[in-house]
Amino acid sequence: MPSLGRTGPETDAERRRRRARFLRELAEARELRERVQPRRAKAARLRHAMRMRTFRW
């Protein structure tokens, strides 16, 4: 994947910062979806819980 206009490899700190921002935005989007569609979000949460329960570690 080409670096976007920067020279040299990306530092760990930059990658961590970008990942943290991505995860923050993802959580924000999930909260928004739960507010907009509470029933669907609840069903998704229950499905996820069931998947985690049946998964063999």
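What counts, and where the lines are drawn
- All chains use their own residue numbering, which begins from 1 and follows the written sequence.
- Reporting of local features is limited, given that this is a predicted model, to residues whose pLDDT is at least 70; pairs of side-chain atoms are given and counted only at 80 or more, and all residues count toward the totals for whole chains, interfaces and linings.
- Only heavy atoms go into the side-chain values, all of them from the structure, while hydrogens and water stay out.
- By definition, a salt bridge exists where a carboxyl oxygen of Asp or Glu is found within 4 Å of a side-chain nitrogen of Lys or Arg.
- Working definition: helices are DSSP H or I runs of at least four residues, strands are E runs of at least two. Numbering for both runs from the N terminus.
- Exposure categories follow from relative accessible area, calculated using a 1.4 Å probe and restricted to protein chains: below 20% of the type maximum is buried, above 50% is exposed, and the middle band is partly exposed.
- Only protein atoms enter the 1 Å grid used here. Points where a 1.4 Å probe fits but cannot escape make up a cavity, open sets with protein on both sides within 12 Å along at least five of seven lines make up a pocket, and a residue lines them when an atom lies within 4 Å of a point.
- Grid points are joined across faces, edges and corners, and a volume is the space filled by probe spheres set on the points.
- Asp, Glu, Lys and Arg are counted as charged, while Ala, Val, Leu, Ile, Met, Phe, Trp, Tyr, Cys and Pro are counted as nonpolar; the rest, among them Gly, fall into the polar class.

**Q** Is there a simple way to think about the pattern of salt bridges in this case?
**A** Between side chains of opposite charge, a pair can form when the charged atoms approach closely. With the rule as written, the count across this model stands at 2 salt bridges. Asp12 is paired through a salt bridge with Arg15; the nearest N and O atoms lie 2.4 Å apart. Of the two residues, Asp12 and Arg15 both sit in helix 1 (residues 12–36), 3 residues apart, roughly one turn of that helix. Residue classification places Asp12 among the partly exposed residues on the basis of a relative accessible area of 44%. Of the charged contacts, one joins Glu34 and Arg45 as a salt bridge, the two residues approaching to 3.4 Å between their closest N and O atoms. Residue Glu34 is located in helix 1, and its partner Arg45 is located in helix 2 (residues 38–54); the two are separated by 11 residues in the primary sequence. Residue Glu34 is classed as partly exposed on the basis of its relative accessible area of 32%.

**Q** Can you walk me through the layout of surface pockets in this structure?
**A** If a probe as big as a water molecule is rolled over the atoms, it shows which places are left empty. For the second largest pocket, the calculated volume is near 180 Å³. Residue lining of the second largest pocket: Arg30, Arg33, Glu34, Gln37, Arg40, Ala41, Ala44 and Arg45, and that is the complete set. For the lining of the second largest pocket, the secondary structure elements donating two or more residues are helix 1 and helix 2. Tallying contributions element by element places helix 2 first for the lining of the second largest pocket, with 4 residues. Considered class by class, the residues forming the lining of the second largest pocket number 2 nonpolar, 1 polar and 5 charged.

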